[in-house]
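# Observations on chain architecture
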Amino acid sequence: MKRSELREQVFKLLFRVEFNTPEEMSEQKDLFIATSDVEISDKDAAYVKERYEQIAAKIPEIDALINAETKGWDTERIGKVELAILRLAVYEIKFDEQVPTGVAINEAVELSKKFGQDGASSFVNGVLAKFA
């Protein structure tokens, strides 16, 4: 898979955090890979799971960063799709030196166009611009 396709799979798995307990997410990772709408190789599945774990471990820190930049829009108010996209992008911007900030923002905007509500891409772009 291309990086953007892998990023989309990580986003979809990360989205499940809002609907499952941390204990359930272990099973959810395996269920996600087994029921994916696209074929995921063992190598790519390992990458998606590892990337998810890296982001999930930092969710409290990532949410604090988001809350600091979104006046009046804390993580409790942000739509779940947009929140998962923001968490992924903020992780890439703040904690992954392999992903350039511009790429992280662009990929997040594209994900929000594909999966978010109307206006989600503008919202995501505006929030992430504060991290650039």
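Whatever comes next refers back to the structure up there.
This report concerns the structure included in the present document. Computed from a predicted structure; not experimentally measured.

Rules behind the numbers
Residues numbered from 1 in each chain as written. Predicted model: local features only at pLDDT ≥ 70, side-chain atom pairs only at ≥ 80, totals over all residues. Heavy atoms only, no water. Helix = DSSP H or I, 4+ residues; strand = E, 2+ residues; numbered from the N terminus. Rg over C-alpha atoms; globule rule 2.2 N^0.38 Å. Buried < 20%, exposed > 50% of the residue type's maximum accessible area, 1.4 Å probe, protein only. Contact = heavy atoms within 4.5 Å. Areas by Shrake-Rupley, 256 points an atom, 1.4 Å probe, with all protein chains shown as cover. Salt bridge = Lys/Arg side-chain N within 4 Å of Asp/Glu carboxyl O. Arc of directions from axis to C-beta. Axes fitted to C-alpha atoms, helices over the stretch in contact; angles between N-to-C directions. Parallel < 35°, antiparallel > 145°, perpendicular 65-115°, else oblique. Nonpolar A, V, L, I, M, F, W, Y, C, P; charged D, E, K, R; others polar. 1 Å grid on protein atoms, 1.4 Å probe; cavity = no way out; pocket = protein on both sides within 12 Å on 5 of 7 lines; lining within 4 Å. Points joined across faces, edges and corners; volume = space filled by probe spheres on them.

## Regarding the overall build of the chain
In terms of helices and strands, the chain carries seven helices and zero strands. Start at the N end of the chain and walk to the C end: the helices and strands fall as α-α-α-α-α-α-α. A compact globule built from 132 residues should have a C-alpha radius of gyration of about 14 Å, and the chain, at 14 Å, falls within 12% of that. Taking all 132 residues of the chain together, 45% fall into the buried category. For the chain, the share of sequence-separated contacts (at least 6 apart) that also reach a separation of at least 24 residues comes to 66%. Looking at the chain as shown, the accessible area adds up to about 7,300 Å², and 48% of this sits on carbon and sulfur atoms.

## A look at the pattern of salt bridges
Scanning the entire structure with this criterion turns up 14 salt bridges. Close ionic contact of Arg7 with Glu107 constitutes a salt bridge, the shortest N to O distance being 3.5 Å. Pair noted here: Arg7 is in helix 1 (residues 3–15) and Glu107 is in helix 6 (residues 101–115), with a separation of 100 residues, a long-range link. Residue class for Glu107 comes out buried when judged on its relative accessible area of 19%. Note that Arg51 is salt-bridged to Glu92, the shortest N-O span being 3.6 Å.

## Regarding helix 7 (residues 120–129)
Regarding helix 7, the residues found buried are Ala120, Ser121, Val124, Val127 and Leu128. Each buried residue of helix 7 lies within a common arc of 135° when the element is viewed along its axis, so the set occupies one face. Where helix 7 is buried, its residues contact helix 5 (80–95) and helix 6.

## Some details on the packing of helix 4 (residues 59–69) against helix 5
Between helix 4 and helix 5, the shortest axis-to-axis distance is 10 Å and the interhelical angle comes to 95°. As judged from the angle between their axes, helix 4 and helix 5 are roughly perpendicular. Of the residues in helix 5, those touching helix 4 at Ile59, Glu61, Ile62, Asp63, Leu65 and Ile66 are Leu83, Leu86, Arg87, Val90, Tyr91, Lys94 and Phe95. Per-class residue counts for the contact of helix 4 with helix 5 are nine nonpolar, no polar and four charged.

## Concerning empty space enclosed by the protein
Evaluated as defined, the whole model comprises one cavity of 30 Å³ or more. When its volume is computed, the largest cavity comes out at roughly 70 Å³. Lining the largest cavity, in full, are Arg3, Leu6, Arg7, Val10, Tyr47, Arg51, Glu92 and Val99. Only helix 1 and helix 3 (42–56) provide two or more residues apiece to the lining of the largest cavity. Looking at the lining of the largest cavity, the element that brings in the most residues is helix 1, giving four residues. Residues of the lining of the largest cavity, tallied by class, amount to four nonpolar, no polar and four charged.

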